[in-house]
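Structural description and commentary
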Amino acid sequence: MAGVQERQYEEFFGGFYFDEDALSKDISLDGLDKELEEHKNYDVLISILTNGEKQRDMATMVEGNLGHIEQDLIQDYIKDNDSLVLLHDQIHDCDIVLSQIGSLLSGFQVHIRSLSSELRSLHEKSLDLGVRLKNRKLAETKLAAFVEEIVAPPGLVNAIIDGEVNDDYIKSLNMLSKKLRFAQVDPLLNASKALKDIKQELERLRKKALSKVSAYVIGIFSSMRKPGTNIQILQQNLLQKYRHLVLFLKEHGIEKYNDVCAAYVDKMNKVLSEDFRVYLEALESLKLDIGVSTDVIGYDANVVDLIPRGREQLRNHRFMFSLGERSNILKEIDQPGLVPCISEANSLKYPYEVIFRSLQKLLMDTASSEYIFIKAFFRDESMFYRVFEGPVAVIDENMKLTLANSHDAICLMLMICITKKHQLVMSNRRLPCLDTYLDKALIYLWPRFKTVFDMYIQSLYQCDAKMLWVDGTHPHHIVRCYMEFTASLIQLNAECGDGQEAGEEAKELRRYFEEKLESNLVSFVDELLMEYFGDLIKFVKNHISEDLISYTECPNIADVEPVVKNFAVKWRTALELMHNEVVTCCSNFVSGMAILKAAMAQLLNDYNRLSECVKMIPGGSSLNRNLVSITSISYEIRKYSRTL
């Protein structure tokens, strides 16, 4: 304890401790002399002496203070002795407690190490159990799926064996199909004992389902042969709903599937073949005969006799060379086909190209519907061609027979154009099912057209124009037939040619003649009206303006009276004569109709201007009884327009 106290004193008073030996040393006079000699300054010497005295006084004072402090500290230590003893005891007790706590913590540490080891062991066991659980769940899932896939529940068995074929039966069939498919996918599963136990039952159900489904589907096919059955409606409303039945047959019973396909092909082939045969027979009764082998351009003089035989006979014969309104068939390419019963009831006859288009239209629509159905129902496009072997054979046979007896080159060219347009229709539908047939049709048509065309050309070489001459105002019939035939081919080539005839020259030539026709038509109308109604035409041109307001020359009653009376007397006769002249002079009935309509429209307009002029002339009311009503003239004009 004393050593500790001394260190405290030294730390407290260390700044005031002086070396007493140094202060008690006597100052040597020799040293002073040396010092004085070195410094040569007495002030320094006095300062040194003064500082030494001060240091002795301070040392004395400090020593006294130290003694007092030491005594005070001793007394304080004596007073606090009990407290220090108590503090020492408390510290000792704390050391004991801390030692005990340290021992306890050491025990805890050992225990914690033991727990950590146990936790690691438990964690490893937990991971192992988790893996086992996962594996068992996976095994359970696969096993449950396996059991579910192979086991045939009683409800499924009853539905397949005793159930009616309906929507619920299709669901049961799909379930059975899934089980059968599952048993065939994996060879390992197929070899399992569990599957072997159930496989016989699944096989029994498969055979029963195949037998039942095939019988049901073939029964539906048989109903197609009943008279009046709409096959397309039956296919869309009934068969399409049961297409899964056929897919089941195709997947699980290929033999039954082939039987069903064969039954469908056989029945549809017969049904469609018969339908097309009946339709062709009905169409044959509607055919308008237009020429035979002797009706070529320059065959012999017998052709000339057709003109005086009557207008209808002439028209039918000239259809061979004149296109006329026959070209309208190309604008009706998508229109519905002919209905024979309606046409027969109305006593209608048609050129063969109209019949050909109707037949082709029916074939395209039927083939398109059948192709789409077979592709969706059987998923086997090749069946379509087997189904249509019969119908196509019927059509081919009819076409060969018809073409062999056809001498109508215009009809043949129209059939070629129709076939090409039908190829475009099928291309737009994106259905390739008739590509072969349509190509074959063109292969039939082009050679026959060339044969007939060569016959026309050969007949021109063989004819004798002098023997065929007929005096009259109408054109020579050979020239007329040749020009109309040439114009018809040019028009058809311009509309739908494929380069086997004239090219761009055809369009230019056609345009040239159309312009010539239009300009000459106006001149012909003017000459025609001037010939039969000259006084009326001259009076109107000389006296009345187009607006019926102003007059070129101011007319009077004397000028207009003879015109009005003359027209009232002869207008009906003049109309008939004008009509007959147009019929005689115009070899083309379409052009003749255009001329007649233009002439009569101009006549009606001029007479209307004359009537209005009479009303405005002083005294013109006296001529009212001689004026012919516009209604009467219009009625007579319509009568002639219908009989051209």
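Rules and cut-offs
Residues numbered from 1 in each chain as written. Predicted model: local features only at pLDDT ≥ 70, side-chain atom pairs only at ≥ 80, totals over all residues. Heavy atoms only, no water. Helix = DSSP H or I, 4+ residues; strand = E, 2+ residues; numbered from the N terminus. Buried < 20%, exposed > 50% of the residue type's maximum accessible area, 1.4 Å probe, protein only. Contact = heavy atoms within 4.5 Å. Areas by Shrake-Rupley, 256 points an atom, 1.4 Å probe, with all protein chains shown as cover. pLDDT = per-residue confidence, 0-100. Arc of directions from axis to C-beta. Phe/Tyr/Trp six-rings, centres within 6.5 Å; stacked < 30°, edge-to-face > 60°. Patch = residues over 30% accessible without salt bridge, like charges linked within 9 Å, V, L, I, M, F, W, Y side chains within 5 Å. Salt bridge = Lys/Arg side-chain N within 4 Å of Asp/Glu carboxyl O. Lys, Arg positive; Asp, Glu negative; His and termini not counted. Charge placed at Lys NZ, Arg CZ, Asp CG, Glu CD. Axes fitted to C-alpha atoms, helices over the stretch in contact; angles between N-to-C directions. Parallel < 35°, antiparallel > 145°, perpendicular 65-115°, else oblique. Nonpolar A, V, L, I, M, F, W, Y, C, P; charged D, E, K, R; others polar.

**Details of the overall build of the protein**
Helix and strand counts for the protein come out as 25 helices and zero strands. Here the protein holds 644 residues, and the buried ones make up 36% of them. Contacts spanning at least 24 positions in sequence make up 79% of the contacts within the protein whose residues lie at least 6 apart. Counting only carbon and sulfur atoms, one obtains 56% of the accessible surface of the protein, whose full area is about 38,500 Å².

**Description of unusual backbone geometry**
Of note in the backbone geometry, serine 347 takes a positive phi value of approximately 55 degrees without being a glycine. Within the secondary structure layout, serine 347 lies in the loop between helix 14 (340–345) and helix 15 (352–377). Classification of serine 347 as exposed rests on a relative accessible area of 64%. Positioned with a positive phi, arginine 430 is a non-glycine residue whose angle comes to about 60 degrees. Locating arginine 430 in the fold gives a position in the loop between helix 18 (409–429) and helix 19 (435–462). Here arginine 430 falls in the exposed class, since its relative accessible area comes to 75%.

**With respect to the confidence of the model for the protein**
Confidence in the prediction for the protein averages 78 pLDDT; 77% of positions are at 70 or higher. Every residue in residues 8–29 is under pLDDT 50, and counting partners more than four places away or in other chains gives 15 contacts. Ignoring residues within four places in sequence, the model shows residues 297–316, a span with pLDDT below 50, making 41 contacts including any to other chains.

**A word on helix 6 (residues 154–162)**
Within the sequence span of helix 6, burial applies to Leu156, Val157 and Ile160. Looking down the long axis of helix 6, one finds its buried residues gathered within 100 degrees of arc, a one-sided arrangement. More than 90 degrees from the buried face of helix 6, the exposed residues found are Pro154 and Asp162.

**Quick notes on the packing of aromatic side chains**
Overall, the coordinates contain 18 aromatic pairs when judged by the stated rule. Relative to phenylalanine 378, the ring of phenylalanine 373 lies with its centre 6.4 Å away and its plane at 90 degrees, an arrangement referred to as edge-to-face. For the pair phenylalanine 373 and phenylalanine 378, a shared accessibility class is recorded, and that class is buried. Clustering of aromatic rings is evident, with ring pairs tying together Phe221, Tyr264, Phe373, Phe377 and Phe378.

**A few points about a negative patch on the surface**
Together, Asp72, Asp76, Asp80 and Asp82 line one region of the surface with negative charge. For aspartate 72, the location among the structural elements is in helix 4 (residues 42–79).

**Thoughts on the packing of helix 11 (residues 243–252) against helix 12 (residues 254–284)**
The interhelical angle for the contact between helix 11 and helix 12, taken along N-to-C directions, is 135 degrees, at an axis separation of 6 Å. As the angle between them shows, helix 11 and helix 12 are arranged oblique. Along the contact surface, helix 11 presents Val246, Leu249, Lys250 and His252, while helix 12 presents Ile254, Lys256, Tyr257 and Val260. Split into classes, the residues belonging to the contact of helix 11 with helix 12 amount to five nonpolar, one polar and two charged.

**Overview of the environment of aspartate 167**
Relative to the elements of secondary structure, aspartate 167 occurs in helix 7 (residues 167–185). For aspartate 167, a relative accessible area of 45% gives the class partly exposed. Residues aspartate 167 and lysine 241 lie 74 residues apart in sequence; the distance between their C-alpha atoms is 8.6 Å.

**Focus on the side chain of threonine 366**
Its place among the elements puts threonine 366 in helix 15. In contact with threonine 366, not counting residues within four places along its chain, are Gln232, Leu272, Phe276 and Phe388.

**A look at the pattern of salt bridges**
By the definition in use, this model includes 14 salt bridges. Measuring nitrogen to oxygen at the nearest pair gives 3.4 Å for the salt bridge that ties lysine 287 to glutamate 284. Note on lysine 287: relative accessible area 24%, which makes it partly exposed. What makes glutamate 284 partly exposed here is its relative accessible area of 30%. With a shortest N-O distance of 2.6 Å, lysine 565 and glutamate 561 are connected by a salt bridge. You can see lysine 565 and its partner glutamate 561 sitting in helix 23 (residues 557–585), four residues apart, about one turn around the helix. By relative accessible area, glutamate 561 is classed as partly exposed at 29%. Residues joined in a network through salt bridges with shared partners are Arg326, Glu353 and Asp408.

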